[in-house]
Amino acid sequence: MANSSTNGTPTLEPVPQDILSELADHISEADLRLSIDTDLRLDGTFGSSWLLATDQHLIAFSPNDPPDIVKTPLDQINRVEIQDFPGASALKIRTSTEGTTVARFSKSLHTKFDSIPDQLADLIREARPSDDNGKIVKGHLAKRGTQKRCDSCGTVIPHWMGVCPACLDTRKLLTRLLSYGLPHWKLATLSLILLLTATFISLTPPLLMRSLIDDVLIPTTNSQLTSESTWLSSITGLLSLPQNNSTYLSILVVILLLINLSQNGLRALRTYILSIIGQKVTFDLRNEVYQHLHRHSLSFYNERETGRIMASITHDVGRLQDFISDGLQEIIRNIFTLLIICIILFTLNAKLTLLVLLPTPLLVITTLQFGERLHKIYRRLWRRYSGISALLADTIPGVRVVKAFAQEHREVEKFKVRSYDLLEGEIRVAGVRSIFSPIMGFITSLGTLIVWWLGGHAVLDNTLTLGDFVAFTSYMWRFYGPVESLCRLNHRFQRAGTSAERVFEVLDIQPDIVDRSAAVTMPPIEGEVRFENVTFSYEPGKPVIQNLTCTIEPGEMIGLAGHSGAGKSTLINLICRFYDVQEGAVLIDGHDIRDVTLKSLRNQIGVVLQDPFLFNSPIADNIAYGKPDASLEEIIGAAKAANAHDFILKLPDSYDTPVGERGVRLSGGERQRISIARAILRNPRILILDEATSSMDTETESQIQEALHRLIQGRTTFAIAHRLSTLKHANRLLILENGELAEIGTHDELIAQDGIYARLCRMQTELSKLRVW
């Protein structure tokens, strides 16, 4: 049992014997004062590692090949601290000569590691000589602000999840998944009726076998005619057929043929109907997940890798479709089959039936134990699958950079490492399943041997007919078949549970930016923008915008300038309400933008981003993205205003030319002009230009500046530019410095002030001279 250290008790987690054997030359189990397991190796890859401490030494162990072992005397350590990084954290120590990382761990283990610096500090004090009063520094670098905890269990909720991982119940998740089938209840009911009918029909052959043996074969062997009191005699009499054993045999064969035909026909129809239900449910679920993703603010995507998000929509939803259309019908069929077989078995022989049921509790216990283990493995596997998706989503769009720097081999090696981690996980699953199946088979064989022993003696003692015994053993095998099938389905159940956990995790995270309950539609914007004591930070305690107050009049062109990281793009994000301010308010025409609907606000704002993004569709569709019903004349007009019309006409299919993924078939300047045309066509009341001319050559920039000068007439414009010459015609310039409004005024006024803006202008002027010469 691992003891929490919140009460001062040292953390002592059980150390595996193979780890102790590896460290036999360094440590013994009896000497341990601290032991804690991590989920990352010292090199940062996923895998179990250990941090151990005795009275005298601190040992970090990572089971690589060869193992990484870092051993440090406790009395030499002067500093112990946890440092946060994106996606993970590290426990670091420092002596008088060097610093060392002794443990790495994911964000999910923060609670477990929070108290480790205090525990190590206590051990360090004990290890030092009694007269050594040197200070021990301990802490948490880049420590986050107040963390969100689960209301139910108090567990810290990882910021990349948004829901409590400890409270996720697989069974509840799958029950919630099945609720998506309620709109299709008519098809589900029809499928259930077909299932019950087909299952009932499929269970009649053993009873026919009993009649074949007791009523036809044994009497024939004894040179007797089947008794006229049997149901076979009744059928032959009803059909006016000869009363002999050959006729009875023919009737049984014909009935068995009809049973097989009807059983397989019903099975095919039922499978088709359930597949339709599964496809419709996953269609609804996939669309709901995608729709919910579009409701999230930018912070959601900033904290998650694209590949992992894509895996939730494709990989995980696909697994759920397999569970609904295939796994679910097997579960229902097997349960119903077991119920009917139990009734038949008790009817045939209650005593033997109890013996058949004897191994069932062992099967259930074994399944539950293996199921819990499989679920943990599948959770780790999901992270590795999504890790591969994230790597592909990151590398493939950047293939030009990879080739430009000749890093193909490096990227292949990174993929091999992640693939190998996935391979290890899959092999671990295969190992668990390979043990599981033989154990289940052995348990069921015990019941079978007992039935054969006792049932065989009953036949020999003439207390049980041979036909009844054969029918009973046939039903016994049919009983164990569904039981084993349900147990084998456990791995599919766990895989589906893990995928459902990921999908509903996305659905359960509430968007940061939503319409308030009393939000109203934004009326046509005149263009006044007012910032009132605005403060905003991406991370608690690190404000990007601080106490900013200013008013922008309708129709003004405002230039935003300042050093990189001063808060220019953040200010634009706040106007579009990509984020909400923590303090103060942003008002447009006197309306707090948090009190109006997002759609009505953003419909009147046009944005040209610094990094133009084009969709893999024709040029005309990209220009008309913000106004899908625009006519071709309007599209061409916008392209002309953005100086894009001429180069578009030179393309093979003109406005119908596909631009490729992310506009890869166009140059940077061409993509920027398409992006400007897209904003022009929208005819926004507020125009935002984030480095809109950054990708232009001198001649094109001059043409664009002329077009923008016509465009900004009558609308409020915010323009960010590092080339300050593009801002000299702005009505006013807002100069930001460390998130604060340092200067405001016209170009000439700020030059006269000889402040930040004037200094930036001089620097760019000097730089331009150097470039010319």
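Everything that follows concerns the structure shown earlier in this document.
Model, not experiment: these values are computed from the prediction.

Colleague: Would you mind showing me how to read the overall build of the protein here?
Modeller: When its secondary structure is counted, the protein shows 24 helices and 18 strands. When burial is assessed residue by residue, the protein has 46% of its 773 residues classed as buried. Partitioning the contacts of the protein with sequence separation of at least 6, the portion at a separation of at least 24 is 67%. Element-wise, carbon and sulfur atoms account for 57% of the exposed surface of the protein, whose accessible area totals about 39,400 Å².

Colleague: Where do I start with helix α19 (residues 632-641) in this structure?
Modeller: Helical geometry: 3.6 residues make up each α-helical turn, so side chains three or four residues apart lie on a common side. Looking at α19, one finds that the buried residues are I635, A638 and A639. For α19, the angular spread of the buried residues around the axis is 100°, confining them to a single face. Across from the buried face of α19, at angles greater than 90 degrees, the exposed residues are E633 and K640. At the exit of α19 stands N643, carrying a positive phi of roughly 60°.

Colleague: I'm lost on the sheet that holds strand β13 (residues 591-592) in this one. Help?
Modeller: Two orientations exist for strands paired in a sheet by backbone hydrogen bonds: parallel and antiparallel. Strand order in this open sheet of 4 strands is β10-β9-β12-β13, and the pairing throughout is antiparallel. Bordering the open sheet on either side are β10 (542-552) and β13, each of which pairs with just one other strand. Sheet topology note: the strand β9 (residues 529-539)/strand β12 (residues 583-588) ladder contains 5 bridges and is antiparallel. Its bridge partner being in β12, V529 is matched across the sheet by I588. Of the strands in this sheet, β9, β10 and β12 are in contact with helix α16 (residues 568-575), which crosses β9 at around 115°.

Colleague: Looking at this structure, how should I read the sheet that holds strand β16 (residues 716-720)?
Modeller: Judged by pairing direction, the sheet is mixed, and its 6 strands sit side by side in the order β14-β15-β16-β11-β17-β18 without closing on themselves. In the strand order of this sheet, the two ends are held by β14 (605-608) and β18 (740-745), each with one partner. Ignoring strand direction, the axes of neighbouring strands in this sheet form an average angle of 20°. In the sheet, strand β17 (residues 732-737) pairs with β18 via 5 bridges, with the strands oriented antiparallel. If you follow L736 over to β18, its bridge partner there is L741. Across the sheet, helix α21 (residues 668-682) is in contact with β14 and β15 (686-690); its angle to β14 comes to roughly 175°.

Colleague: Would you explain the packing of aromatic side chains in this entry?
Modeller: The relative placement of two aromatic rings is captured by the distance of their centres and the angle of their planes. Applying the stated rule across the entire model yields 6 aromatic pairs. Pairing F105 with F113 gives two aromatic rings, centres 4.1 Å apart and planes at 5°, and the pair type is stacked. With a centroid separation of 5.2 Å and an interplanar angle of 85°, the aromatic rings of Y538 and Y579 are classed as edge-to-face. A residue pair is termed long-range when its members are at least 10 positions apart, and Y538 in strand β9 and Y579 in the loop between α16 and β12 qualify at 41 residues. Looking at Y538, the relative accessible area reads 40%, which means it is partly exposed. Among the aromatic residues, those joined into a ring-pair cluster are F536, Y538 and Y579.

Colleague: Got a minute to help me understand a positive patch on the surface in this structure?
Modeller: On the surface, K376, R380, R383 and R428 cluster together into a patch of positive charge. Note on placement: R380 falls in helix α12 (residues 360-395). Among the residues examined, R380 registers a relative accessible area of 33% and is labelled partly exposed.

Colleague: Looking at this model, I keep getting lost on the side chain of D592. Mind explaining?
Modeller: Mapping D592 onto the fold places it in strand β13. Residue classification places D592 among the buried residues on the basis of a relative accessible area of 15%. Sequence-distant contacts of D592, that is, excluding residues within four places in its chain, are made with A585, V586 and L587.

Colleague: What am I meant to see in the environment of A496 here?
Modeller: Relative to the assigned elements, A496 resides in helix α15 (residues 466-508). Judged by its relative accessible area of 2%, A496 falls in the buried class. When the C-alpha atoms of A496 and R319 are compared, they prove to be 6.2 Å apart, with 177 residues separating the residues in sequence.

Reading guide: rules and limits
Residues numbered from 1 in each chain as written. Predicted model: local features only at pLDDT ≥ 70, side-chain atom pairs only at ≥ 80, totals over all residues. Heavy atoms only, no water. Helix = DSSP H or I, 4+ residues; strand = E, 2+ residues; numbered from the N terminus. Buried < 20%, exposed > 50% of the residue type's maximum accessible area, 1.4 Å probe, protein only. Contact = heavy atoms within 4.5 Å. Areas by Shrake-Rupley, 256 points an atom, 1.4 Å probe, with all protein chains shown as cover. Arc of directions from axis to C-beta. Pairing = 2+ DSSP bridges. Axes fitted to C-alpha atoms, helices over the stretch in contact; angles between N-to-C directions. Phe/Tyr/Trp six-rings, centres within 6.5 Å; stacked < 30°, edge-to-face > 60°. Patch = residues over 30% accessible without salt bridge, like charges linked within 9 Å, V, L, I, M, F, W, Y side chains within 5 Å. Salt bridge = Lys/Arg side-chain N within 4 Å of Asp/Glu carboxyl O. Lys, Arg positive; Asp, Glu negative; His and termini not counted. Charge placed at Lys NZ, Arg CZ, Asp CG, Glu CD.

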